[in-house]
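Given next are the chains, with one letter for each unit.
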Amino acid sequence: MQSSFRTKQQIIPITHEQARRRSNSIGQRLRWLLPGIFLLLCLHGQTLAAPWRPYPVACDSTDHCPQEPSPGRGRPAPTPPPAATPRRLAVLPFLGVKFDLPEPPAPEPLPTPRASGPQQRWLPYLPWLYINSAFTPATHGPVVGAVTASSATVFVRTFGMASVQLGISTAADEQGDSRWTAPVITRRETDFTTMIPLTALQADTAYYITVLVNGAPQTVGDLPHFRTLPSAGRPVKLVYLTDFATTSNPGTILPTNTFAHAGEENADLVVIGGDFDHREPHSLEDKRQMFKDLYNVNDPNMASFVTDVLWTAPVAHMWDDHDYGRNDEDKGYFGRELSQRVIREFFPLYPTPSNYGIWQKINLGPVEIFLVDARSQRDNVDDPDGPEKSMLDGNNLGIYGQRYWLEQGLLQSTATWKLLMVQVPFNPTVHKSDSWRTYQFERDWLLELAQNARIKGVVFISGDMHAGGIDSGAHSGLPEMVVPAPNFKQCLSVYGADRSMFGSGLWDKGTYWYSSEYRSCNGYGVITASANPPQLRLEVKDSEGAVRIAYNVPWR
């Protein structure tokens, strides 16, 4: 027995006294640890237990229903929600502990701030606001696109999941013809972006936009606004911006007044051409971040673009290689589907006839605009030229492709002027490997189509050269204007015929660029058009709004 007892004593690792002391030590630690865990779970449970309510709140009775704004009046002050009823919340279910926790009251809506002067500023977002679902702010927008005489689409992005409403009014003080859209919810799957349609609008009418996020107004100062497109009766004006510097690389950006003067043109439509940014994003997050940087009103390099362009006019957009994918990219780009997904998340496009690309058509008074997708359907630039090489239908979609769409659009158009916005120079004297000069067979087909069908008023608008130029058709075949970049430090991105550093090709109405590598030639393009009499004027303007080249296009 004693031997067995010794064996048992050898198995016990500690004495009874040692075990008692260790138990006391663990108890002392739990005495401090468990209340902390308990408090955190209570706070966390109270926050998550509150039911999320989009604005406006659901109507429990007529006493607490937000009233619809009546015509000619602004939004009425929201009424307080009904008192919350206690509910039982299991904080520690494995211990069977339950508590009666009241639901937190809804935060008071912020009052509409007074205008702070002519400067327009978006409320900057703060990360801590994400924990309060009643004040999740808008981080980007509004951006108004796909505008017609009676409709529009508005882009807004929020910091987190939130309810978004738009108030539109024909008066800046919201006392005109006013209405509110139904709430929509932003979600993580689309990076908390949303596209809100506006319908039943009046033609050629200015509308002012108020954005509410969970009931809180998001703008300070002058309200963002836009004008619906006019009928075919009056003259129209377009502004063309293209080839932006890389917003994530301030070393490439030259602060200029380009956007301010472009906004002062009071254009009926602002078209943003290719290379909206030059960063060449590839991942989903990088592509999304590119648009977030472009729309960032708190960035001093982009604030003027947001306040003077995006918040004052309707916009349209077509990509090129550096914002679509890699340099000289084509239909084989591995990120083509991601690029299409992101541009549809972040930019309100006009209707696109195919999921293979984003070519679009716009009717603007006496003008019909063809936004040509020169990237997602092009064959490789190094393929031998011929009938099988295409910039418009590399996937051989036939009657569902861009080439057939463009052909039928030109043949059936009744507009006085047809603007083909082709992103890269149509002029074959411009020595760029990815321009139309290396797709000569299809270029000749397009010129023959216009000539043989006697299609009048065809004009090309292009970019990608980071310089300005206008040709009457002496070299381009048909009138063409190439538009300079708006905010680059350097000028011109093409080589001369002798492979020297600079060379813009031949443009019989003039060019706007400098031979110095360290001198910029920033600016934008302006197109004014009328039907009776048929007139179209092309202007290349510099960053101060001065006309550098101008040409009145004959109607023929």
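Residues numbered from 1 in each chain as written. Predicted model: local features only at pLDDT ≥ 70, side-chain atom pairs only at ≥ 80, totals over all residues. Heavy atoms only, no water.

Trainee: How would you summarise the overall build of the protein chain if you had to cite specific residues and measurements?
Mentor: Summing up its helical and strand segments, the protein chain has 9 helices and 26 strands in all. A sequence separation of at least 24 residues applies to 68% of the contacts in the protein chain between residues at least 6 apart. As presented, the protein chain carries roughly 25,700 Å² of accessible surface, and 54% of it is formed by carbon and sulfur atoms. (Helix = DSSP H or I, 4+ residues; strand = E, 2+ residues; numbered from the N terminus. Contact = heavy atoms within 4.5 Å. Areas by Shrake-Rupley, 256 points an atom, 1.4 Å probe, with all protein chains shown as cover.)

Trainee: Could you give an account of the sheet that holds strand S20 (residues 458-462), with specific residues and numbers?
Mentor: Spatially, 7 strands are ordered S17-S18-S19-S20-S22-S21-S23 in an open sheet, and the strand pairing comes out mixed. Both edges of this open sheet fall to strand S17 (360-364) and strand S23 (511-512), since each of them pairs with a single strand only. Note that strand S21 (residues 468-471) and S23 share 2 bridges and pair antiparallel. Pairing of Gly468 across the sheet is with Tyr512, part of S23. The sheet contacts of helix H8 (residues 402-412) involve S17, strand S18 (367-371) and strand S19 (417-423), and relative to S18 the element is tilted by about 175 degrees. (Pairing = 2+ DSSP bridges. Axes fitted to C-alpha atoms, helices over the stretch in contact; angles between N-to-C directions.)

Trainee: Break down the confidence of the model for the protein chain for me, citing the residues and quoting the values.
Mentor: Looking at the protein chain as a whole, the pLDDT averages 82, with 74% of positions reaching at least 70. Note on residues 1-12: pLDDT is under 50 here. Beyond four places in sequence and across chains, it has 0 contacts. Low confidence marks residues 43-104, where pLDDT is under 50. Its contacts with residues over four positions away, or in another chain, come to 85 contacts. (pLDDT = per-residue confidence, 0-100.)

Trainee: Could you give an account of a nonpolar patch on the surface, naming the residues involved and the relevant values?
Mentor: A surface patch of nonpolar side chains, amounting to about 360 Å² of accessible area, comprises Ile399, Tyr400 and Tyr404. Inspection of the secondary structure puts Tyr404 in helix H8. According to the relative accessible area criterion, Tyr404 is partly exposed, its value standing at 35%. (Patch = residues over 30% accessible without salt bridge, like charges linked within 9 Å, V, L, I, M, F, W, Y side chains within 5 Å. Salt bridge = Lys/Arg side-chain N within 4 Å of Asp/Glu carboxyl O. Buried < 20%, exposed > 50% of the residue type's maximum accessible area, 1.4 Å probe, protein only.)

Trainee: Help me get a handle on the nonpolar core, residues and values and all.
Mentor: Counting 95 residues, the largest nonpolar core has Leu238, Tyr295, Phe305 and Ile369 as the members making the most contacts within it. Residue contributions to this core peak at 5 residues, all from strand S14 (residues 236-241). The next biggest cluster of nonpolar side chains, apart from the first, holds 26 residues, and it includes Phe370, Leu392, Leu410 and Val458. (Core = buried A, V, L, I, M, F, W, Y, C linked by side-chain atoms within 4.5 Å.)

Trainee: Quick one: what's the story with the packing of aromatic side chains, residue by residue and with numbers?
Mentor: This model, assessed by the stated rule, comprises 18 aromatic pairs. Relative to Tyr295, the ring of Phe155 lies with its centre 5.4 Å away and its plane at 55 degrees, an arrangement referred to as tilted. Taken as a pair, Phe155 in strand S5 (residues 152-158) and Tyr295 in the loop between helix H4 (284-294) and helix H5 (303-310) lie far apart in primary sequence, 140 residues in all. In terms of burial, Phe155 and Tyr295 fall into one category: buried. (Phe/Tyr/Trp six-rings, centres within 6.5 Å; stacked < 30°, edge-to-face > 60°.)

Trainee: A description of helix H9 (residues 440-452) should follow, citing residues and the corresponding values.
Mentor: Counted at 1.5 Å a residue, the expected span for H9 with its 13 residues is 18 Å, and the 18 Å between its end C-alpha atoms agrees. Looking at the buried positions of H9, the neighbouring elements they touch are H8, S19 and S20. Trailing H9 by a residue or two, Arg454 shows a phi angle of about 55 degrees, which is positive. (Expected span 1.5 Å × (residues − 1).)

Trainee: Please provide a residue-by-residue account of the pattern of salt bridges, values included.
Mentor: Side-chain pairing between opposite charges can occur once the charged atoms of the two side chains come close. The final tally for this structure, using the stated rule, is 23 salt bridges. Note that Asp204 is salt-bridged to Arg227, the shortest N-O span being 3.5 Å. Linking Asp204 in the loop between strand S9 (193-198) and strand S10 (206-213) with Arg227 in strand S13 (residues 225-227), this pair joins segments that are 23 residues apart in sequence. Arg227 gets classed as partly exposed once you look at its relative accessible area, which sits at 37%.

Trainee: Any chance you could break down helix H7 (residues 336-346) for me, citing the residues and the numbers?
Mentor: Those residues of H7 that sit buried are Arg336, Ser339, Gln340, Val342, Ile343, Glu345 and Phe346. Residues of H7 that are buried sit in contact with S5, S9, H4, strand S16 (315-317) and helix H6 (321-324).

Trainee: Run through the state of the cysteines, naming residues and quoting values.
Mentor: As enumerated under the stated definition, the model contains 1 disulfide in all. Linked covalently through their sulfurs, Cys491 and Cys521 form a disulfide whose S-S length is 2.0 Å. As the torsion about the S-S bond is roughly 95 degrees, the Cys491-Cys521 disulfide counts as right-handed. Here the residue Cys491 occupies a position in the loop between strand S22 (480-482) and S23, and Cys521 occupies one in the loop between S23 and strand S24 (523-531), the gap between them amounting to 30 residues. (Disulfide = S-S within 2.5 Å.)

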